[in-house]
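So the chains spell out like this:
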Amino acid sequence: MEEIIELESIYHAITDYVNSLPDLDTMFTKLKHAVLKRVESETRNLNWISNTFKILISNKILSRMGKREDYQLAHAEIARILSHMKTRAQGLTGILNLMNSHANLYSNEKNLLALRSLNKYIMDIRQIEPLINNDLFCTFSDAYFMTPILKNEGIVVLSLALYDIFKVWKWILLLHEIGHIIYPYYKSKLVSKFRNRILPLLNETVPRGYEQQASVLIKLWEREWLEEIFSDLYATSLGGLAYTKAFIIEAYSGEVSEGTQFHPALIARVYSQMEYISNSSSGAISQQLNDTKTAWNRFVQSLSETEYPYPFTIDVLDEIVNMFTELVGKPRYLDYINDITTISLEADKIERKSPLRLIIALNLSSSKYDSEVNQKILKVIAEDR
Amino acid sequence: MIARRKYWEQLTELWDLSETASMISEALLSLITLKAFILGEAMEDTTFIRELLRRVSRCHNFLEKLIQELHLYAQSKASESPLVSILIEALGTEDYEILHSTLEKALSSINTIKNVSELSELINIFTKKEKEIEALKSLLESLSETLTKKTGKLASELFTF
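Residues numbered from 1 in each chain as written. Chains lettered and ligands numbered in written order. Predicted model: local features only at pLDDT ≥ 70, side-chain atom pairs only at ≥ 80, totals over all residues.

**Student:** Explain the overall build of chain A to me, please; I cannot follow it from the model alone.
**Tutor:** Looking only at helices and strands, one finds 14 helices and 5 strands in chain A. A buried classification covers 38% of the 385 residues belonging to chain A. Across chain A, every contact between residues at least 6 apart in sequence was considered, and the portion connecting residues at least 24 apart equals 74%. (Helix = DSSP H or I, 4+ residues; strand = E, 2+ residues; numbered from the N terminus. Buried ≥ 20, exposed ≤ 12 C-beta atoms within 10 Å, placed from the backbone. Contact = placed C-beta atoms within 7 Å.)

**Student:** What should I look at first to understand the interface of chain A and chain B in this one?
**Tutor:** Many structure descriptions define interface size as the accessible area lost when the parts assemble. Across the contact, 34 residues belong to chain A and 34 residues belong to chain B. Per-element tally for the side of chain A that touches chain B: the top contributor is helix α4 (residues 68–105) of chain A, with 13 residues. When grouped by side-chain class, the residues that make up the side of chain A that touches chain B number 17 nonpolar, 7 polar and 10 charged. (Nonpolar A, V, L, I, M, F, W, Y, C, P; charged D, E, K, R; others polar.)

**Student:** Please clarify how the environment of Pro-148 of chain A should be interpreted in this entry.
**Tutor:** Its place among the elements puts Pro-148 of chain A in the loop between β2 (145–147) and β3 (155–161). By C-beta crowding, Pro-148 of chain A is classed as partly exposed, having 17 other C-beta atoms within 10 Å. The sequence separation of Pro-148 of chain A and Leu-158 of chain A amounts to 10 residues, and the corresponding C-alpha distance is 8.8 Å. Setting aside residues up to four positions removed in sequence, Pro-148 of chain A forms contacts with Val-156 of chain A together with Thr-12 of chain B.

**Student:** Looking at this structure, I do not really get helix α3 (residues 60–74) of chain B. What am I missing?
**Tutor:** All names here are of chain B. Counted at 1.5 Å a residue, the expected span for α3 with its 15 residues is 21 Å, and the 21 Å between its end C-alpha atoms agrees. Among the residues of α3, Leu-63, Leu-66, Leu-70 and Tyr-73 are the ones counted as buried. One side of α3 carries all its buried residues, which in axial view fall inside an arc of 85°. Exposed and oriented more than 90 degrees from the buried face of α3 are Asn-61 and Lys-65. For α3, the elements touching its buried residues are α4 (82–91) and α5 (96–114). Of the residues trailing α3, Ser-76 is marked for its positive phi of about 60°. (Expected span 1.5 Å × (residues − 1). Arc of directions from axis to C-beta.)

**Student:** I keep staring at the pairing of β3 of chain A and nothing clicks. Help me out?
**Tutor:** A regular strand carries its side chains on alternate faces of the sheet. All names here are of chain A. For β3, a buried count of 6 out of 7 residues is recorded, marking the element as mostly surrounded by other parts of the structure. Bridging between strand β1 (residues 135–141) and β3 involves 7 bridges; their strand directions are parallel. Within the sheet, the bridge partner assigned to Phe-137 lies in β3 and is Val-157. In this sheet, β3 lies alongside β2 in antiparallel orientation, the contact comprising 3 bridges. Among the inter-strand pairings, Thr-147 is bridged to a residue of β3, identified as Val-157. (Pairing = 2+ DSSP bridges.)

**Student:** Can you help me understand the environment of Leu-327 of chain A in this one?
**Tutor:** All names here are of chain A. Mapped onto the elements, Leu-327 comes out in helix α11 (residues 314–328). The partly exposed category is assigned to Leu-327, around which 14 C-beta atoms lie within 10 Å. Linking Leu-327 and Tyr-186, residues 141 residues apart in sequence, is a C-alpha distance of 7.5 Å. In contact with Leu-327, not counting residues within four places along its chain, are Tyr-186, Lys-189 and Leu-190.

Spatial relationships are all this shows, so hold off on functional conclusions.
This is the structure in structure tokens:
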């Protein structure tokens, strides 16, 4: 079968390419090993398919099979399996692209400083969050995202947007991606609470004449949206208002009240974060919280809280925040917020603090748009032992 | 930039779907091959036969999870999960009784195959329980077709040539 030869050549090409890359840093090397491990397992599977195919087309077995339709079905299944393998091989080339752009970042000293800082930041987050038990490869590419496609090979891939490589305050957004990594640990309990407490609410409050759309939206809550709100609240737990402020700047678009296939409406995401912070607010940030609320309300002034559209009504969002708090607890940033508010961020005198604390402090300060301060913080984080 | 984030979200979804689709197709291919070997009395290569058995048995947990999700959905205790949607599309019905009994029978067949201690027992199973084996084959075939359609559609959106 030509498809088998085609796949073999793709696996060879991926292996050759990965082996040609230098061992730039520990996580890059681990990612290389993970890709190679995956290719090895796909190759083993391909050999099995190839072997089974050979056995099936041998005259001996064919005649024993008796039923011609079984042979045709087996043939069709082999073609399907090969197409699924091809799909995954194409997915792996997405990872190769990331590795390629990561390697390119090494050509420049300024980029290297950012990569070193990012590495320290990840180490800091890992110290705070013991539930992360995979290696994390993190780089800069054309978007913020997380993909667990190589999780079985022991590594999760994360990316920050390249346009924020030197804007260290925006790195707070990485906490949302960490939230996606943590979600599986809480998923079954959260989904169970959702089914007991929110599903009945959603079913009972469907607006008249909206039944058909509602059934689609209800499905999306459990399939995608719950995880997104969880990841936002998780990021808020670690980053507090600093995350919410950066999130609004990054995610704001003209459309705030409609969800998409993967994401709930922006008003739902911002409301639940603000609610989570307000429920256990610290005096240290109360003024900033009020200011952010006022600024956000100005954006969505046409929408009062009683007008939040189905299926993002306030009752639903409040209940989700309650469920999250029951499972994960009060915001963790409360443990360090008092320390953060005293951090000095003068360009000529940046205090040595943990990366997360420095990034939160920068978000809450008026210096966040000062590129010199951002650069100094990058340097302090990179050089801190 | 948002489009690129969407690309990775879709890629992750596609990856998971393709792994499930592979598992179902491999189980079906193994079942057909197993049947040919057993009915053709070609049981000499026990390593190969055991590998076929392993691949059929691998979809046990998947079918079990499907039954649980279907049960919760039928009782309005859960919304329609992606797996339940696939099952409904594959069997072309929303009738709970039909969906449930099809899954139960398939699961029972897998359990029977999975629990053989001697390979020679397989001959009895495939001759005396032919109907059950055919029912399992039919379910896997429907699931494989639906999953392949879904992965194909998603893949064509992502990897357009």
